[in-house]
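# Summary of the model geometry
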Amino acid sequence: MPPTATYRLQLHRDFGFADAAAVVPYLADLGVSHVYCSPVLEAAPGSMHGYDVVDHDRLSLELGGTAGWRQLTDACRAAGLGIVIDIVPNHMAVPTPEDLNVALWDVLRAGSASRFAGWFDIDWAAGGGRILLPVLGKPVDECIAAGELSVDGAEIRYADHRFPIAPESEDLAGDISELLAHQHYELAFWRRAATELNYRRFFDVTTLIGVRVEDPDVFDATHRVPLALVAAGDVDGLRIDHPDGLADPSGYLDRLAKASGGTWTVVEKILEPGERLPRDWRCDGTTGYDTITAISQLFVDPAGAKPLTDIYADLTGEPTSYAEVVSTAKRQVLETLFAAEVDRLVRDFTASGSTLTSPPAVRDAVVELLVAFEVYRAYAGDPASEQRLLTAAEHATTARQDLAGDIRDITDVLRGEDPATAAFRTRFAQTTGPVMAKGVEDTAFYRYLRLVALNEVGGDPGTFGSPIEAWHEHCRRITDDFPTTMTTLSTHDTKRSEDVRARLFVLAEIPAEWAAAVRRWRDGAAQHGTIDRPTDYLLWQTLVGAWPLPTQRLQDYLEKATHEAKLRTSWTDPDQSYDAELRSYVERLLSDDALLGDVGEFVEQHLRIPGEANALSQKLVQLAMPGVPDVYQGQELPDLSLVDPDNRRPVDFAQRRDALAAIDSGVATVEPKLRVTTAALRLRRSRPALLRDGDYAPVAVTGAAAEHAIAFRRVDIGGGSGDDVIVVATRLPVGLQRRGGWQDTELDAASLGTDIAAYRDVLTGRPGVAPLGELLADLPVALLVRDEG
């Protein structure tokens, strides 16, 4: 059975299986049905996330190995909880020693003759029969001259890296240059990766090599342990990382469903606004980024679009067209990060025997298509994907009229089924995702700063707010397509926590106050120096969104943000003077007590209370909507975290355990977010036919402030009980206050189709009433169940 709700735990060497087992009783009391673990297989030493798998044949020793895993499964069984695990089919870590990654070590030792050569997506011909390993800090000749490369027995060593020596070259060990020339790999300066890499990688991460799970033998070998855990009853669900990197995502999911017996499975598929998961995929849905987008748009006031756009332009001087920012960013990453991937596409196209276009024209046309492609991937046989290819071709042609014929020819190949061009079609499909991820998520999102609460994975910052009906349509689509898809508000990859976003949504309702404050703060900060205007504007949004924010956390965040933006500094070409001055500026700024006092007063006067209303409302909406809600670790209490690693800090479970115990003891002053969370989770677990499997129906609201309420029913249609629950939440709280409150606004009796007096609000214990001024007198949300008393 699908979970009723999950709780995501980030496992690493400092929080392993035994630590997870220790919090299981609390999670059971909280109300979830399943513990949802980050990857559990052996990862690179010291990994803080587990996505850099090195050995598919064993559970992570750093997490506690088999013994630790048994502690976790025993604890879950005792508490009546299941387990969902995250698996990583797309890639493995590289390079690693033999005792960790036997498969890759053998490929490095024996080359294309290795029995594991088919595991990895390597273009041997492009490397002259060798695999490029760009791990050196400088050109290889300079490393040799500096004595940084050495031979130790049957291994070559460089810093912490170890590499095998091909058996046939062992007699050359006395001459390191000659020895290196006779290996099945080429040790190279790391900068060569962008232009010469000859293996598929995860995005631009050279230390993660693509795995060919489309090969049945590779699938079996890499999935033996997870499938054994499913078969043993230890694991009840699977989360699939980055399916768009695979050669055939649909075929992979078919194979996985058969092998797992159809266990509940969700995929980390990033859906852009308006995009739908292919209906023929054998899975239960996505990991929920699409719901983050839908909820975020619901809580942003569309009336704030123009004033915030004008403020952004005035205070930063940056382009206000999001599409323009995205196009520029994608083009930049294609030129600087993915030149090797583009070259491989050209080679695959040329190797297909096509004579439609010359290689230089192929390259230019491919770049234009990748820039213009608006989603993460197109899928063969999918009508929506067909249309997206045509739309991309149209936009690409508009950008480069001189390439119109070449773009048309390549688009025809991408839409075709000729076996000779299959490799090119697959490779193109595997490349669009990395370009979107690095060009949009990890570049444009750090450049386009109009309202950073909208800069979230799968989101469209160029769209500013949506009507309530769009939300109801999103929920209806879930019930029609994938009714047990996962929903979420925060993950280990979100750009900021749900509560930071909730607070920043308020800025759309107070643009004038916000503009005045930023101008005042900027003037006051001038005595401490200046930074570039876009970073300055990001700083103030970040500061108020996560207030109070310690200096170190703000420095670390801005360092990451400016490096990802790639405008004044970057990870590959850091401007050390800029980086140092930025950190110094933040330290000086956050030492100004008068300025910080003004910031704190602004947050208290304008943001805190409406931000908390948004946080409670979006939380209840997510927990009660169709699908399977996930609670990311720690998010049952207010949490003002930023992008990783900030959102992966240790969670104080003792604090949460005590707060939950206080709620159960009748203490009324406990943080309302925990009260809302546990009430909804417990209701879901006790009535799965209602909140997991039930139907969704909007409830109409009438009155002067109707636009400020979201209301819907969940109805048990499968169990025959007729049971239902009514959910009411507040949106745009500042505007509501300016209207004078709810006034005559109430739930529409005809829409309810039932007597509201027969219900009780499980959050307050009060009887149900239609007037929202009375129903929402204590909290901005209500969760109404039939009163059995």
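Conventions used here
Residues numbered from 1 in each chain as written. Predicted model: local features only at pLDDT ≥ 70, side-chain atom pairs only at ≥ 80, totals over all residues. Heavy atoms only, no water. Salt bridge = Lys/Arg side-chain N within 4 Å of Asp/Glu carboxyl O. Helix = DSSP H or I, 4+ residues; strand = E, 2+ residues; numbered from the N terminus. Buried < 20%, exposed > 50% of the residue type's maximum accessible area, 1.4 Å probe, protein only. Pairing = 2+ DSSP bridges. Axes fitted to C-alpha atoms, helices over the stretch in contact; angles between N-to-C directions. Contact = heavy atoms within 4.5 Å. Core = buried A, V, L, I, M, F, W, Y, C linked by side-chain atoms within 4.5 Å. Polar contact = N/O pair within 3.5 Å; in protein donor to acceptor, adjacent residues only side chain to side chain. Right-handed = clockwise from strand over helix to strand, strands pointing away. Phe/Tyr/Trp six-rings, centres within 6.5 Å; stacked < 30°, edge-to-face > 60°. Expected span 1.5 Å × (residues − 1). Parallel < 35°, antiparallel > 145°, perpendicular 65-115°, else oblique. Left-handed = near helix turned anticlockwise from the far one by under 90°. Nonpolar A, V, L, I, M, F, W, Y, C, P; charged D, E, K, R; others polar.

### Notes on the pattern of salt bridges
Two side chains that carry opposite charge are able to pair once their charged atoms sit near each other. One pass over the full model with this rule turns up 66 salt bridges. With a closest N to O distance of 3.1 Å, D86 and R8 form a salt bridge. Of this pair, D86 sits in strand β5 (residues 82–87) while R8 sits in strand β1 (residues 6–9), and the two are 78 residues apart along the sequence. Exposure remark for R8: the relative accessible area of 1% places this residue in the buried category. We note a salt bridge from R162 to E155, for which the minimum N-O separation is 3.0 Å. Residue classification places E155 among the buried residues on the basis of a relative accessible area of 13%.

### Considering the sheet that holds strand β10 (residues 161–164)
With respect to topology, 3 strands assemble into an open sheet ordered β8-β9-β10, the strand pairing being antiparallel. Of all the strands in the sheet, the pair left with one neighbour each is β8 (149–152) and β10. Averaged over neighbouring strand pairs, the angle between their axes works out to 30° when direction is ignored. When β8 meets strand β9 (residues 155–158), the two strands line up antiparallel, connected through 4 bridges. The partner of V151 across the bridge, within β9, is I156. Those strands touched by helix α3 (residues 102–110) are β9 and β10, and its axis lies near 55° from that of β10.

### Structural notes on α3
Owing to its 3.6 residues per turn, the α-helix brings residues three or four apart onto one side. Within α3, 7 of the 9 residues are buried, which leaves the element mostly enclosed by the surrounding structure. Listed as buried for α3 are A103, L104, W105, D106, V107, L108 and A110. On its buried face, α3 is in contact with β6 (91–93), β7 (131–136), β9, β10, β11 (185–189) and β13 (205–210). G111 sits one or two residues past α3 and shows a positive phi near 70°.

### So, the nonpolar core
By size, the foremost hydrophobic cluster in this structure holds 205 residues, and its most contacted members are W471 and W540. Broken down by element, this core gets its largest block of residues, 11 residues, from helix α23 (residues 593–624). What W471 contacts, discounting residues up to four positions off in sequence, is A294, I295, L298, V621, M625, Y696, I710 and F712. Within the second largest apolar cluster, 31 residues are counted, among which are A365, V371, L403 and V435.

### Here we look at the side chain of T535
Residue position: T535 is located in helix α20 (residues 533–545). One polar contact links T535 to Y578, side chain to side chain, over a distance of 3.3 Å. Those residues in contact with T535 that lie beyond four places of it in its chain are L558, T562, Y578 and L582.

### Notes on the pairing of strand β2 (residues 34–37)
Alternating positions in β2 separate into two faces, H34 and Y36 on one and V35 and C37 on the other, with burial throughout. Bridge count for β1 against β2 is 4 bridges, and the pairing is parallel. In the strand pairing of β2, T6 is matched with H34. Read as a crossover between parallel neighbours, the route from β1 over helix α1 (residues 17–30) to β2 is right-handed. Note that β2 and β5 share 4 bridges and pair parallel. Bridging from a neighbouring strand, C37 pairs with I85 of β5.

### Some words on the packing of aromatic side chains
For the coordinates displayed, the defined rule picks out 23 aromatic pairs. Note on W281 and Y379: the rings are 5.2 Å apart at their centroids and 80° apart in plane angle, and the pair reads as edge-to-face. In this pair, W281 is assigned in the loop between β15 (264–267) and α9 (289–298) and Y379 in the loop between α13 (359–372) and α14 (383–399), connecting sequence segments 98 residues apart. Residue classification places Y379 among the buried positions, given a relative accessible area of 11%. Measuring from ring centre to ring centre gives 5.0 Å for F349 and F424, while their planes differ by 70°; the resulting arrangement is edge-to-face. Highlighted residues: F349 in helix α12 (residues 339–351) and F424 in helix α16 (residues 422–441), separated in sequence by 75 residues.

### Quick notes on the environment of V785
Counting through the fold element by element, V785 comes out in strand β24 (residues 781–786). Exposure remark for V785: the relative accessible area of 2% places this residue in the buried category. As for V785 and I295, which are separated by 490 residues in sequence, their C-alpha atoms are 23 Å apart. Residues contacting V785, with those up to four places away along its chain left out, are L683, R687, D724, V725, A758, Y759, R760 and V762.

### Here's the deal with the sheet that holds β13
Strand order in the open sheet formed by 3 strands is β6-β13-β12, and the pairing between neighbours is antiparallel. Whereas interior strands pair on both sides, the edge strands pair on one side only; in this sheet they are β6 and β12 (201–202). Direction of pairing for β12 relative to β13: antiparallel, over a ladder of 2 bridges. Bridge assignment links R201 to a residue of β13, and that residue is I209.

### A few points about unusual backbone geometry
Glycine aside, residues mostly have negative phi, and peptide bonds are mostly found in the trans state. Between W547 and the following residue, P548, the backbone shows a cis peptide bond with an omega angle of -5°. Cis geometry marks the peptide bond from D644 to P645; its omega dihedral reads 10°. Of note, P645 is situated in the loop between β17 (628–632) and α24 (653–664). Even without glycine at this site, F203 takes up a positive phi of about 50°. Mapped onto the fold, F203 is located in the loop between β12 and β13. Despite not being glycine, L732 has its phi angle at roughly 50°, a positive value. Within the secondary structure, L732 is located in the loop between β21 (724–730) and α27 (733–738). Residue classification places L732 among the buried positions, given a relative accessible area of 4%.

### As for α24
In this model, α24 (12 residues) spans 16 Å end to end at C-alpha, consistent with the 16 Å of a helix rising 1.5 Å per residue. Those residues of α24 not exposed but buried are F653, R656, A659, L660, A662 and I663. The inward-facing, buried residues of α24 contact β1, α1 and α25 (672–686). Between the side-chain oxygen at the start of α24 and the backbone nitrogen of A654 there is a gap of 3.3 Å, and the oxygen is on D652.

### Some details on the packing of α12 against α16
Interhelical geometry of α12 versus α16 gives an angle of 165° and a closest axis separation of 8 Å. Regarding the angle of α12 to α16, the classification is roughly antiparallel. Handedness of the crossing formed by α12 with α16: left-handed. Within the contact between the two elements, α12 uses E341, R344, L345, D348 and F349 and α16 uses A423, F424, R427, F428 and T431. Taken together, the residues of the contact of α12 with α16 break down into 5 nonpolar, 1 polar and 4 charged.

### Description of the packing of α24 against α25
Taken N-terminus to C-terminus, the directions of α24 and α25 make an angle of 75°; their axes are 10 Å apart at the nearest point. Considering the angle they form, α24 stands roughly perpendicular to α25. When α24 is examined against α25, the residues R656, A659, L660, I663 and D664 are found in contact with a partner set consisting of L674, R675, T678 and R682. Residue composition of the contact of α24 with α25, grouped by class: 4 nonpolar, 1 polar and 4 charged.

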